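# Fold and contact review
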Amino acid sequence: MEISPLTGGLGAEVFGADLTNGGDRDAIREAFSQHAVIVLRAQNMSPEDHLAFARQFGPINVNRFFKPLDEYPEIATVIKEADQTQAVGEGWHTDHSYDVEPALGSILRAVDMPPVGGDTVFASMGMAYDALSAPMQGFLEGLEAWHSSRHVFGATVQNSEAARSGRLSNADAAQQDARHPVVIRHPLSGRKTLYVNPVFTTSIEGLGQEESDALLAFLYTHCQKPEFQCRVRYATGDLAMWDNRATWHKAINDYHGHRREMHRITVEGCALSAARG
Ligand code: SIN
């Protein structure tokens with residue numbers, strides 16, 4: 001097995017990993033913990049293999065809103081057909097931050113890729129935190145933010161192409177609200193990490209709406225710096241795994257006229273602790 005970092009700070013490609021007999025399990029865990037995003041090349045797994053691999057990291061967190069794969073309720077499909085225009089996951093986000101115990105990570109299997117494009121871009125929230133000034137870090141460490149599923153998966157978005165085409169559904173279940181520290185102590189690495197994201201974070205507790213909007217806008221601009229990013233380009237058969245507490249991600253919708261099918265399994269996480277105290 002060979003591990004090759006994708007950038008100076010985030011992500012790695014893993015070549016030649018044997019995921020079937022668990023032989024490379026410890027090395028893969030170590031690579032995941034170190035790089036936060038790993039791409040296991042050329043795995044060509046079945047849905048059963050995908051589930052068995054995911055279960056090594058914890059119980060499966062069944063997504064409430066994505067269309068599941070037939071006969072596999074624990075596997076969410078992320079599909080864009082050739083005649084559709086909107087991709088699911090186009091905005092910068094981290095999966096399930098609206099849950100009180102947000103998901104540890106997500107494992108995405110490339111099932112059917114367009115001839116070119118359909119990458120995922122990731123951003124490191126540990127690097128984004130480290131690059132802030134000490135006074136700003138101290139200020140943020142005393143704050144908590146609200147996250148919600150309501151405005152993303154609820155009734156107001158039922159007119160979207162993704163909902164009309166059945167890719168997203170179950171709007172009545174979009175009732176999650178959760179408050180998390182703005183700077184968490186990462187549960188695996190212990191690293192101080194920013195934990196707000198443009199899609200699911202709604203406000204910062206205790207600030208006026210204008211103050212909250214301005215602070216979040218500043219953080220979102222800061223976190224999108226290319227220095228904190230890596231970009232994963234897939235071939236059919238690849239498997240990407242990312243840490244939802246350490247990163248943001250965004251699906252790149254640049255393959256109009258072509259089909260893309262991904263299968264995603266999300267692994268349960270835990271309540272998040274503040275970096276301070
Ligand atoms: C997701 O947002 O979880 C899916 C990312 C992708 O389709 O690239």
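Structure report, in brief.

Calculation rules
Once a new chain begins, its residue numbering starts again from 1 and follows that chain's sequence as written. Note on the predicted model: pLDDT of at least 70 is required for a residue's local features to be given, and 80 or more for side-chain atom pairs to be given and counted; whole-chain, interface and lining totals, by contrast, use all residues. For side-chain calculations, the full set of non-hydrogen atoms in the structure is used, while hydrogens and water are omitted. Salt bridges, as used here, are contacts in which a Lys or Arg side-chain nitrogen is within 4 Å of a carboxyl oxygen on Asp or Glu. Going along the chain from the N terminus, every DSSP run of H or I of four or more residues is numbered as a helix, and every run of E of two or more is numbered as a strand. Only protein chains enter the accessibility calculation, which uses a 1.4 Å probe; a residue is then buried when its area is under 20% of its type maximum, exposed when over 50%, and partly exposed in between. If even one non-hydrogen atom of a residue comes within 4 Å of a molecule or strand, that residue is called near it. Think of a polar contact as two N or O atoms within 3.5 Å of one another; within protein, one of them needs to be a possible hydrogen donor and the other a possible acceptor, and neighboring residues in sequence only count if both atoms come from side chains. What sets the accessible areas is the Shrake-Rupley method with a 1.4 Å probe; for residues, cover comes only from the shown protein chains. As defined here, a cavity is a set of points on a 1 Å grid over the protein atoms alone where a 1.4 Å probe fits but cannot get out. A pocket is an open set with protein on both sides within 12 Å along at least five of seven lines, and residues line them when an atom is within 4 Å of a point. Each molecule is assigned to a cavity or pocket provided more than half of its atoms lie within 2 Å of the corresponding grid points. Grid points are joined across faces, edges and corners, and a volume is the space filled by probe spheres set on the points. Lys, Arg, Asp and Glu make up the charged group, whereas Ala, Val, Leu, Ile, Met, Phe, Trp, Tyr, Cys and Pro make up the nonpolar group; the residues left over, Gly among them, are polar. As used here, the term nonpolar core means buried Ala, Val, Leu, Ile, Met, Phe, Trp, Tyr and Cys residues forming a set that is joined through side-chain atoms within 4.5 Å. We call two strands paired when DSSP finds no fewer than two bridges between them. Interaxial angles span 0 to 180 degrees and are taken between N-to-C directions of axes, which are lines fitted to C-alpha atoms, for helices over the stretch in contact.

Within this structure, the stated rule accounts for 16 salt bridges. The partner of Glu13 in a salt bridge is Arg41, with the nearest N and O atoms 2.8 Å apart. Of this pair, Glu13 sits in strand β2 (residues 12–15) while Arg41 sits in the loop between β3 (37–40) and α2 (47–55), and the two are 28 residues apart along the sequence. Residue Asp112 is joined to Arg259 by a salt bridge in which the shortest nitrogen-to-oxygen separation is 3.0 Å. Taken as a pair, Asp112 in strand β6 (residues 105–112) and Arg259 in the loop between β15 (247–251) and β16 (260–267) lie far apart in primary sequence, 147 residues in all. Judged by relative accessible area, which is 29%, Asp112 ranks as partly exposed. Using a relative accessible area of 27% as the deciding quantity, one classes Arg259 as partly exposed.

In the vicinity of the ligand, the residues found are Val78, Gly89, His93, Asp95, Leu108, Thr120, Trp242, His249, Ala251, Arg260 and Arg264. Residue Thr120 places a side-chain N or O atom 2.6 Å away from an oxygen atom belonging to the ligand. In this structure, an oxygen atom belonging to the ligand sits 2.6 Å away from a side-chain N or O atom of Arg264. Burial of the ligand by the protein amounts to 100% of the accessible area it has alone, namely 260 Å². Because more than half of its atoms lie within 2 Å of the grid, the ligand is assigned to the largest pocket.

Inspection of every chain in the model, using the stated rule, returns four cavities of 30 Å³ or more. Counted as a void, the largest cavity has a volume near 50 Å³. Around the largest cavity, the lining residues are Val78, Ile79, Lys80, Ala87, Val88, Arg167, Ala251, Tyr255 and Arg260. For the lining of the largest cavity, the element with the most residues is strand β5 (residues 72–80), which contributes three residues. Residue composition of the lining of the largest cavity, grouped by class: six nonpolar, no polar and three charged. The space that makes up the second largest cavity amounts to roughly 40 Å³. Its residues assigned to classes, the lining of the second largest cavity shows six nonpolar, four polar and one charged.

Right, let's get into the nonpolar core. If you look at the biggest cluster of nonpolar residues, it comprises 27 residues, and the most contacted ones within it are Val37, Phe66, Phe122, Phe153, Tyr234 and Met262. At the level of secondary structure, the elements contributing two or more residues to this core comprise β3, β5, β6, α5 (150–153), β13 (229–232) and β14 (239–243). Counting residues in each nonpolar core, the second largest holds 25 residues, with Tyr129, Ala145, Leu215 and Tyr220 among its members.

With that settled, consider the sheet that holds strand β9 (residues 177–181). The pairing of strands in a sheet comes from backbone hydrogen bonds and takes either a parallel or an antiparallel form. Taken together, three strands build an open sheet; the order of strands is β9-β8-β12 and the sheet is antiparallel. Looking along the sheet, the strands with just one partner apiece sit at the ends: β9 and β12 (201–204). Within this sheet the neighbouring strands show an average axis-to-axis angle of 30 degrees, counted without direction. For strand β8 (residues 144–148) and β12, the ladder comprises three bridges, and the chain directions are antiparallel. Looking at the pairing, Ala145 lines up with Ile204 of β12.

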